[in-house]
Amino acid sequence: MELQLIYYIEVNAIAIWICAIIIRQIYKHTSHRETSNIVFHSILGLIIFMCASDIVGLASEGQSFAGSRIVVYIANAIYFATQAAICYFWMLFFQVRVRRIKKLISLRTFIGASPLIGFICVLLANPWTKWFFYVDENSRYFRGDYVYIHWIIEFFYVILIVALIISRFITTSNKVIRSECVSFITYFIPVIIAGYAQIKILGVSSLQIGIVIASLMV
């Protein structure tokens, strides 16, 4: 058990470290006010928050200190919410990069956020429904019967992003944008592989590594 916990902490700590380095490089070498950089900063911040919540939740799981069950629950709720939010912000990022949107606050971005908003509303009811996960009396985490809804939301955003990039590639004659579109498609390969591994194998923290690799590629 201790070795497994060390593995989780190492994976998440490495992901946080890499994200911190990327943020530092962005601040040193690019414009802070550029829209795509603002969105990318948000993605990296969410990744760090997701990894930190994963560490807290896993370190508290099975412990008997006062409030351990609540800590495990809140940490996992944050982990679920940040995963979905990262997918939404990736969609925003690629829409900005391929010139589909210019303003972060618009009707289009609000419509795009509606699945995320709906998911978070349902997640807030999870303590009573136990749809996505539950924590037993021994502070142990278990998947709920409808956890697949969470996965559907995330893969919906991934599929939507790929569709938007392909659509932009077909409809534009700008060679720079077309070249970026081809590159962007490859960024989803590590995310899809890591996400599938995490779905199939309970207890493997692979998604954050896939997301961090994609961030490094960007």
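**Description of the overall build of the protein chain**
When its secondary structure is counted, the protein chain shows nine helices and two strands. If you list the helices and strands of the protein chain from N to C, you get α-α-α-α-α-β-β-α-α-α-α. Against the globule reference of 17 Å for 218 residues, the protein chain gives a C-alpha radius of gyration of 18 Å, in line with a compact fold. Along the longest, intermediate and shortest principal axes, the C-alpha atoms of the protein chain span 60 × 35 × 30 Å. Within the protein chain, contacts between residues at least 6 apart in sequence are counted, and of these 67% link residues at least 24 apart.

**Re a nonpolar patch on the surface**
Nonpolar side chains collect at one region of the surface, where L107, F110, I111 and I117 lie side by side and expose about 430 Å² of accessible area between them. With respect to the helices and strands, the residue I117 is situated in helix α4 (residues 107-124).

**Structural notes on the packing of aromatic side chains**
Aromatic ring pairs are defined here through the distance separating the ring centres and the angle between the ring planes. Counting across every chain of the model gives 16 aromatic pairs. Pairing F119 with F132 gives two aromatic rings, centres 5.2 Å apart and planes at 50 degrees, and the pair type is tilted. Remark: F132 occurs in the loop between α5 (126-129) and β1 (133-135) and F119 occurs in helix α4; sequence separation between them is 13 residues. For the pair F119 and F132, a shared accessibility class is recorded, and that class is buried.

**Details of helix α3 (residues 68-97)**
For an α-helix, the turn length of 3.6 residues means that residues three or four places apart are oriented alike. The terminal C-alpha atoms of α3, which comprises 30 residues, lie 43 Å apart, in line with the 44 Å expected from a rise of 1.5 Å per residue. With 23 of 30 residues buried, α3 lies mostly within the body of the structure. Phi turns positive, to about 65 degrees, at R99, one or two residues after α3.

**Digging into the environment of N12**
In this fold, N12 is placed in helix α1 (residues 2-29). Given a relative accessible area of 0%, N12 falls into the buried group. The spacing of N12 and A52 is 40 residues in sequence and 7.1 Å in space, taken between C-alpha atoms. In contact with N12, not counting residues within four places along its chain, are C51, D54, I55 and Q208. Within polar-contact distance, the side chain of N12 engages the side chain of Q208 at 2.6 Å.

**What about the nonpolar core?**
Ranked by size, the top nonpolar core spans 55 residues in total, and within it I47, F80, W90, F94 and F133 carry the most contacts. At 16 residues, α3 tops the list of elements feeding residues into this core. Beyond its immediate sequence surroundings of up to four residues, W90 is in contact with F40, I43, I161, I211, A214, S215 and V218.

**Comments concerning unusual backbone geometry**
Positive phi, close to 55 degrees, is recorded for K130, a residue that is not glycine. Look at K130 and you get partly exposed, because its relative accessible area is 41%. A positive phi is found at S139, a non-glycine position, where the angle reads about 65 degrees. Residue placement: S139 occurs in the loop between β1 and β2 (141-143).

**Side note on the environment of S68**
Looking at the secondary structure, you find S68 in helix α3. A relative accessible area of 5% means that S68 is categorised as buried. Among all residues touching S68, those that are not within four sequence positions of it are S60, Q63 and S139.

**Brief notes about helix α7 (residues 175-186)**
For α7, with 12 residues, the first-to-last C-alpha span of 18 Å sits near the 16 Å given by 1.5 Å per residue. Taken together, the buried positions of α7 are I177, E180, C181 and F184. Each buried residue of α7 sits inside an arc of 105 degrees when the element is viewed along its axis, so together they form one side. Packing partners of the buried residues in α7 comprise α3, α6 (148-171) and α8 (188-200). Where α7 begins, the capping side chain belongs to N174, and its oxygen is found 2.9 Å from the backbone nitrogen of V176.

Criteria and cut-off values
- Residues numbered from 1 in each chain as written.
- Predicted model: local features only at pLDDT ≥ 70, side-chain atom pairs only at ≥ 80, totals over all residues.
- Heavy atoms only, no water.
- Helix = DSSP H or I, 4+ residues; strand = E, 2+ residues; numbered from the N terminus.
- Rg over C-alpha atoms; globule rule 2.2 N^0.38 Å.
- Contact = heavy atoms within 4.5 Å.
- Patch = residues over 30% accessible without salt bridge, like charges linked within 9 Å, V, L, I, M, F, W, Y side chains within 5 Å.
- Areas by Shrake-Rupley, 256 points an atom, 1.4 Å probe, with all protein chains shown as cover.
- Salt bridge = Lys/Arg side-chain N within 4 Å of Asp/Glu carboxyl O.
- Phe/Tyr/Trp six-rings, centres within 6.5 Å; stacked < 30°, edge-to-face > 60°.
- Buried < 20%, exposed > 50% of the residue type's maximum accessible area, 1.4 Å probe, protein only.
- Expected span 1.5 Å × (residues − 1).
- Polar contact = N/O pair within 3.5 Å; in protein donor to acceptor, adjacent residues only side chain to side chain.
- Core = buried A, V, L, I, M, F, W, Y, C linked by side-chain atoms within 4.5 Å.
- Arc of directions from axis to C-beta.

Any link to function would need more than the numbers given here.
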